[in-house]
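# Architecture and fold: a report
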Amino acid sequence: MAVYFECFTRTTMPRQELFEKSLSIDAHASSMADSAEQAIGGVTSGQISLGEQVTWRARHFWHPRAHDLGNQ
């Protein structure tokens, strides 16, 4: 089964600044405060770099979940 997802974001922020913000563990955690998302493994704060990994724990749909994500 093929799945396609596209997301558009309008912003006045310069591209480089927006890209750097996308690598911020702290900015992501702050934006996901309602789901109590926390970085619990790998890079847990600051900026993630190429080849590094982060493990997130969050509550989605009232159930705790853990997700491993790598920046390749």
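Residues numbered from 1 in each chain as written. Predicted model: local features only at pLDDT ≥ 70, side-chain atom pairs only at ≥ 80, totals over all residues. Heavy atoms only, no water.

Before going further, it helps to examine the overall build of the chain. Each helix and strand in the chain was counted, giving two helices and three strands. Within the chain, the proportion of its 72 residues that are buried is 18%. Total accessible area on the chain stands at roughly 6,200 Å², and carbon and sulfur atoms take up 53% of it. (Helix = DSSP H or I, 4+ residues; strand = E, 2+ residues; numbered from the N terminus. Buried < 20%, exposed > 50% of the residue type's maximum accessible area, 1.4 Å probe, protein only. Areas by Shrake-Rupley, 256 points an atom, 1.4 Å probe, with all protein chains shown as cover.)

So, about the side chain of S24. With respect to the helices and strands, S24 occurs in the loop between α1 (15–22) and α2 (25–31). Reaching out from S24, the side chain makes a polar contact with the backbone nitrogen of D26 at a distance of 3.4 Å. Sequence-distant contacts of S24, that is, excluding residues within four places in its chain, are made with G46 and Q47. (Polar contact = N/O pair within 3.5 Å; in protein donor to acceptor, adjacent residues only side chain to side chain. Contact = heavy atoms within 4.5 Å.)

Note on placement: D26 falls in helix α2. In this view, D26 contacts S45 and G46; residues no more than four positions away in its chain are not counted.

With respect to the helices and strands, the residue Y4 is situated in the segment before α1. Among the polar contacts listed, one links the side chain of Y4 to the side chain of E6, at a separation of 2.7 Å.

Another aspect to go through is the confidence of the model for the chain. Mean pLDDT over the chain stands at 84; residues scoring 70 or higher make up 82%. Here strand β3 (residues 63–70) stands out as the element of the chain with the lowest mean pLDDT, 58, in contrast to α1, whose mean of 92 is the highest. (pLDDT = per-residue confidence, 0-100.)

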